[in-house]
Amino acid sequence: MAADKDLKTILGKLKYSDDAKVVEQITEQTKQVHARLAGIKYKLAVMSGKGGVGKSMTTVNLALAFARQGAKVGLLDVDLNGPCVPRMLGLHGQVLKMTPAGAIPPVGPLGVKVASMDFFLGDASPVRWKGPMDVSPVWLGLMEMNVIREFLADVMWGELDYLLADLPPGAAADKPPVIAGFIPDLAGAIVVTTPSEVASDVVQKSVTYARDMGIKVLGIVENMSEYRCPSCGEVNELFEGNTEAMCEALDLPLLGRVPFDRKLARTFDKGQPLLDETYPTIQRYQEIAGRIRTLLDYKKVLADKL
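Residues numbered from 1 in each chain as written. Predicted model: local features only at pLDDT ≥ 70, side-chain atom pairs only at ≥ 80, totals over all residues. Heavy atoms only, no water.

1. What to know about the pairing of strand β2 (residues 73-77)
Step number 1: In terms of burial, β2 is largely enclosed, as 5 of its 5 residues are buried.
Step number 2: Here 4 bridges tie β2 to strand β5 (residues 113-116), and the two strands are oriented parallel to one another. Its bridge partner lying in β5, Asp77 is registered against Ser116. (Buried < 20%, exposed > 50% of the residue type's maximum accessible area, 1.4 Å probe, protein only. Helix = DSSP H or I, 4+ residues; strand = E, 2+ residues; numbered from the N terminus. Pairing = 2+ DSSP bridges.)

Next up, the structure:
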């Protein structure tokens, strides 16, 4: 008799020995996550080992770029203490619509569906776990991971072409690779950096660790490559670095460079995002989305032939 290779079948046959039923709960959540994400063609994680590189700005604008190309897009913001995607898209204050079948995510600009931990949190309220402050960091981390897994198991995405997950910053054995591991059939990760040597050092470690965890890294987006003057449109360098050399060392494509654009950034800060596809910086995101799409289609053709 052939061995069962279907994950749902394997999970369904597991026996549980713990009285607290922790393993059973995690297994059921995992099965539910698989069911919720089954209708999504490509699931992508956007990550960076370095904070402050504009990862959320990149994620949001790539989601909007895919939507402009006619795709059905979802955007997942799983940062517990720094969720900012809803505010950037003018959705702050909205909530997930709870139904007996699951949670329905609000719809943002260009029809992008958005699910964020921000929809559960009050203004300026950090996440605090009940219990003494000297509780083991490992235990606190497990509690946080359980909340995120349960969140993923509740959201009803329906049929989508792309789901982009905006992961919290961190490198090495930190949260991003672990959270990415919750997403079944992840098509790959897009890594965001700035052209500074400090960012490059941390990002290289992040890429190495992600690969060790079995996450396919599709390429690098260099953010804040230059500064675009809002008055005259002239572009100048902000940092001194060599992202191309880093990409060569990691054997990864440079998917594109995006300038720091004060005008564009200000619109997202105010929750009134600029959506004009003829705007030069938005065109950069459109080009990057096109390259990602080509990479994914090529990988799919390759996989189908094997």
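Next comes the rest of the description.
2. Some thoughts on the nonpolar core
Step number 1: If you look at the biggest cluster of nonpolar residues, it comprises 81 residues, and the most contacted ones within it are Leu44, Phe66, Leu76, Leu89, Trp157 and Ile292.
Step number 2: Broken down by element, the residue count for this core peaks at 8 residues, all from helix α3 (residues 55-68).
Step number 3: Those residues within four positions of Ile292 in sequence are excluded, and the remaining contacts are Leu44, Leu62, Phe66, Ile190, Leu218 and Leu255. (Core = buried A, V, L, I, M, F, W, Y, C linked by side-chain atoms within 4.5 Å. Contact = heavy atoms within 4.5 Å.)

3. Let's talk about the environment of Gly233
Step number 1: Position of Gly233 among the secondary structure elements: in the loop between β8 (217-228) and β9 (235-237).
Step number 2: Taking the C-alpha atoms as reference points, Gly233 and Pro280, separated by 47 residues in sequence, lie 9.7 Å from one another.

4. As for the packing of α3 against helix α9 (residues 262-269)
Step number 1: Direction vectors running N to C along α3 and α9 enclose 90°, while the axes themselves pass 12 Å from each other. Between α3 and α9, the angle is such that the two are roughly perpendicular. Judged by residue contacts, Met57, Val60, Asn61 and Leu64 of α3 engage Leu264, Ala265 and Phe268 from α9.
Step number 2: For the contact of α3 with α9, the per-class residue count stands at 6 nonpolar, 1 polar and no charged. (Axes fitted to C-alpha atoms, helices over the stretch in contact; angles between N-to-C directions. Parallel < 35°, antiparallel > 145°, perpendicular 65-115°, else oblique. Nonpolar A, V, L, I, M, F, W, Y, C, P; charged D, E, K, R; others polar.)

5. A short note on a negative patch on the surface
Step number 1: A cluster of acidic residues, Glu197, Asp201, Glu237 and Glu240, forms a negative patch on the protein surface.
Step number 2: For Glu197, the position within the fold is in helix α7 (residues 197-212).
Step number 3: The exposure class assigned to Glu197 is exposed, which follows from its relative accessible area of 58%. (Patch = residues over 30% accessible without salt bridge, like charges linked within 9 Å, V, L, I, M, F, W, Y side chains within 5 Å. Areas by Shrake-Rupley, 256 points an atom, 1.4 Å probe, with all protein chains shown as cover. Salt bridge = Lys/Arg side-chain N within 4 Å of Asp/Glu carboxyl O. Lys, Arg positive; Asp, Glu negative; His and termini not counted. Charge placed at Lys NZ, Arg CZ, Asp CG, Glu CD.)

6. A look at the UniProt feature "binding site: ATP" (unreviewed entry) in the protein chain
Step number 1: In this numbering, the UniProt entry assigns the feature "binding site: ATP" (unreviewed entry) to Gly49, Lys50, Gly51, Gly52, Val53, Gly54, Lys55 and Ser56.
Step number 2: Among the secondary structure elements, Gly54 is positioned in the loop between β1 (40-47) and α3.
Step number 3: Among residues more than four places away in sequence, those in contact with Gly54 are Val192, Asn223 and Met224.
Step number 4: On the secondary structure map, Lys55 appears in helix α3.
Step number 5: Excluding residues within four positions of it along the chain, Lys55 makes contact with Val46, Met47, Ser48, Asp166, Leu167, Pro168, Pro169 and Val192.
Step number 6: Polar contacts involving the side chain of Lys55 include one to the side chain of Asp166, which spans 2.8 Å. (UniProt positions renumbered as here; feature names shortened; annotations may be inferred. Polar contact = N/O pair within 3.5 Å; in protein donor to acceptor, adjacent residues only side chain to side chain.)

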